[in-house]
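This is what each chain is made of:
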Amino acid sequence: MFAPRSNERAGPGGEDTSRFPSSYYAATSGPPIDAPALDGDGVSDFCVIGGGFAGLGAALALARMGRTVRLVEMGPIGWGASGRNGGQVHVGWHQEQPWLEQKLGLETARQMWRAALEARDHLDTLIALDPDACDYRQGLVHADHRAGNVIATHAHVAMMRDRYGYDSLTLVSRDEMRATIASDDYHGGSFDARGGHLHPLKLAQAMARAAQAAGAVVHAQTRCLALKQAADGWHVTTPNGTIRAGQVLDATGAYARALVPQGDARVLPINNYIATTAPLDPARATGLIRNGAAVSDGRYVVYYFRVTPDHRLLFGGGESYGLGMPHDIAATVRPHMLRIFPQLADVAISHAWGGTLAISPNRLPFVIEPRPGLFALNGFSGVGVVLAPWLGRAIGQAMAGAVNSGYDLLRRLPSPRFPGGPWLRWPTQALAMQFMALRDRI
Ligand SMILES: Cc1cc2nc3c(=O)[nH]c(=O)nc-3n(C[C@H](O)[C@H](O)[C@H](O)COP(=O)(O)OP(=O)(O)OC[C@H]3O[C@@H](n4cnc5c(N)ncnc54)[C@H](O)[C@@H]3O)c2cc1C
């Protein structure tokens, strides 16, 4: 057995892939799941690269269809965005329905809404794999940080009810908002009863265990170094063995690097940061968000927060656009948290971590098939908790030849590249986003 090269244990931003970042999720989810690294060559019908929600959704679907499938993940399962995110269960796509109607037409927008609801129902079936572990709580508040946005929120709630028949979304008045969230920052908003929050790493682990139970072979700590098409199928090269597979899915998210360049060209990695407080007195914690829901606001760089079952505030805020994380992530998030909850100035931060999400130019996920038998699914643009497992399943089923409405829909959506090519897409897009983020401070 040869030793891995030194950079084989480092993520794209230099992060250590041999273990989880020191997140609240890693601290509360028990040991990583048992998924021995590949040691020797293997053969399977399918190989999935990436052990996040998208890859796990595909591997689970393929195994349940009785196909042989191997999944390789360079860290522990859930090492990437799926095991680090805010855990917010958002119903719908990154773009709201009026945007989808305008850009893609009414019929496609309607199909996308139906798909979003199907994805939400699918998440319930995944939570049911291990309901206690996933820590699911119902409800998502969208909070308006500008008084001027409240009218638009009123119109949005009415439009979703009248045009889409969606009555899980209700208005929250300024007084109700103040009674719900112990912050002066918000002027009103809406409440989605189909939204919620959960422990994302435990969900990823539950999906991996279910895939293993259905027959998938899952290899953690196994980085795909190269991908090559040969006469006998695709060769997925890893440090200690090669997997030969008929078809391959690249589900490497924002951590994708040079395996499928056509996929890389369509995503921009963005770092986003989260911190949790030390456990609070239960009454103090409940008083922060009185209905126990998750909250996300209307800032361009969104603030999102919720109270964990062990009475911490989990707060997401701040982002950056290059490789590498800030040295002191707690110090990065804390000012954002105190802007919303200044009353927590005396509270210590227990965990702080960053994650990298993959945004696409139109903020919609995409699937591409650049060569026969090679698929890439990516670009969830910050709303992958609901959509990534479902679209992963859809792609898995389609790769195995099953008719699939999710796959058909996704294939029809535009999947533009970022202008500027592999290198210039970074500075140009980062500048544009920094400009938008500036508006949050005005
Ligand atoms: C800080 C943060 C907060 C977020 N909050 C929310 C939220 O509240 N709600 C929401 O809906 N979405 C949220 N998101 C987005 C959501 O987490 C993602 O959309 C979703 O997890 C994407 O899943 P994925 O499977 O595509 O990618 P990932 O989960 O990143 O999985 C890709 C995996 O591929 C692996 N990999 C990469 N290269 C290789 C290789 N060469 N060989 C082997 N393995 C490899 C990586 O290690 C990684 O584990 C957030 C994201 C971040 C970063």
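Our structure is the block above this text.
First things first, this report covers the structure right here in the doc. (Residues numbered from 1 in each chain as written. Predicted model: local features only at pLDDT ≥ 70, side-chain atom pairs only at ≥ 80, totals over all residues. Heavy atoms only, no water.)

**Notes on the overall build of the protein**
Of regular secondary structure, the protein possesses 14 helices and 17 strands. Computed over the C-alpha atoms, the radius of gyration of the protein is 21 Å, within 12% of the 22 Å expected from 2.2 N^0.38 for a compact globule of 442 residues. For the C-alpha atoms alone, the extent of the protein along its principal axes is close to 65 × 50 × 45 Å. Here the protein holds 442 residues, and the buried ones make up 56% of them. (Helix = DSSP H or I, 4+ residues; strand = E, 2+ residues; numbered from the N terminus. Rg over C-alpha atoms; globule rule 2.2 N^0.38 Å. Buried < 20%, exposed > 50% of the residue type's maximum accessible area, 1.4 Å probe, protein only.)

**Concerning helix 12 (residues 384–399)**
With 15 of its 16 residues buried, helix 12 lies for the most part within the structure. At the exit of helix 12 stands Gly-401, carrying a positive phi of roughly 95 degrees.

**Brief notes about helix 2 (residues 53–64)**
In an α-helix, one full turn covers 3.6 residues, which means residues spaced three or four apart are oriented alike. Relative to the 16 Å expected for twelve residues at 1.5 Å per residue, helix 2 spans 16 Å between its end C-alpha atoms, a close match to the ideal helical length. Buried residues dominate helix 2, accounting for eleven of its twelve residues. When we look at burial in helix 2, the residues that qualify are Phe-53, Ala-54, Gly-55, Leu-56, Gly-57, Ala-58, Ala-59, Leu-60, Ala-61, Leu-62 and Ala-63. Positioned one or two residues after helix 2, Gly-66 has a phi angle of 85 degrees, which is positive. (Expected span 1.5 Å × (residues − 1).)

**Section: the environment of Arg-178**
Within the secondary structure layout, Arg-178 lies in helix 7 (residues 174–180). Along the backbone, Arg-178 and Gly-188 are ten residues apart, and their C-alpha atoms lie at a distance of 8.1 Å. Leaving out residues up to four positions away in the same chain, Arg-178 has contacts with Ser-183, Asp-184, Tyr-186, His-187 and Arg-290. (Contact = heavy atoms within 4.5 Å.)

**Digging into the side chain of His-145**
Its location among the elements puts His-145 in the loop between strand 4 (137–143) and helix 6 (150–164). Look at His-145 and you get buried, because its relative accessible area is 11%. The residues touching His-145, leaving out its near neighbours within four places in the chain, are Asp-185, Tyr-186, His-187, Gly-298 and Arg-299.

**Observations regarding the site of the ligand**
With respect to spatial proximity, 36 residues lie near the ligand, and among them Glu-73, Ser-82, Gln-88, Cys-224 and Val-385 are the closest. A distance of 2.6 Å separates an oxygen atom of the ligand from a polar atom in the side chain of Glu-73. Take Met-74: an N or O atom from its main chain is 3.0 Å from a nitrogen atom of the ligand. Look at the ligand: alone it shows 1000 Å² of surface, and the protein chains cover 96% of it. When residues of the shell around the ligand are assigned to their parent elements, the largest contribution, three residues, is made by strand 15 (residues 349–359). Per-class residue counts for the shell around the ligand are 17 nonpolar, 17 polar and two charged. (Near = heavy atom within 4 Å. Polar contact = N/O pair within 3.5 Å; in protein donor to acceptor, adjacent residues only side chain to side chain. Areas by Shrake-Rupley, 256 points an atom, 1.4 Å probe, with all protein chains shown as cover. Nonpolar A, V, L, I, M, F, W, Y, C, P; charged D, E, K, R; others polar.)

**Points about the packing of aromatic side chains**
Enumeration according to the criterion identifies nine aromatic pairs in this entry. Consider the rings of Phe-305 and Phe-315, whose centres lie 5.4 Å apart with planes at 5 degrees: the pair is stacked. Taken together, the residues Phe-305 in strand 13 (residues 304–307) and Phe-315 in strand 14 (residues 313–320) connect sequence positions ten residues apart. Take Phe-305 and Phe-315: they sit in the same class, and that class is buried. Directly above the aromatic system of Trp-79 lies the positively charged group of Arg-84, at a separation of 4.5 Å from the ring centroid. (Phe/Tyr/Trp six-rings, centres within 6.5 Å; stacked < 30°, edge-to-face > 60°. Lys NZ or Arg CZ within 6 Å of the ring centre and 35° of its normal.)

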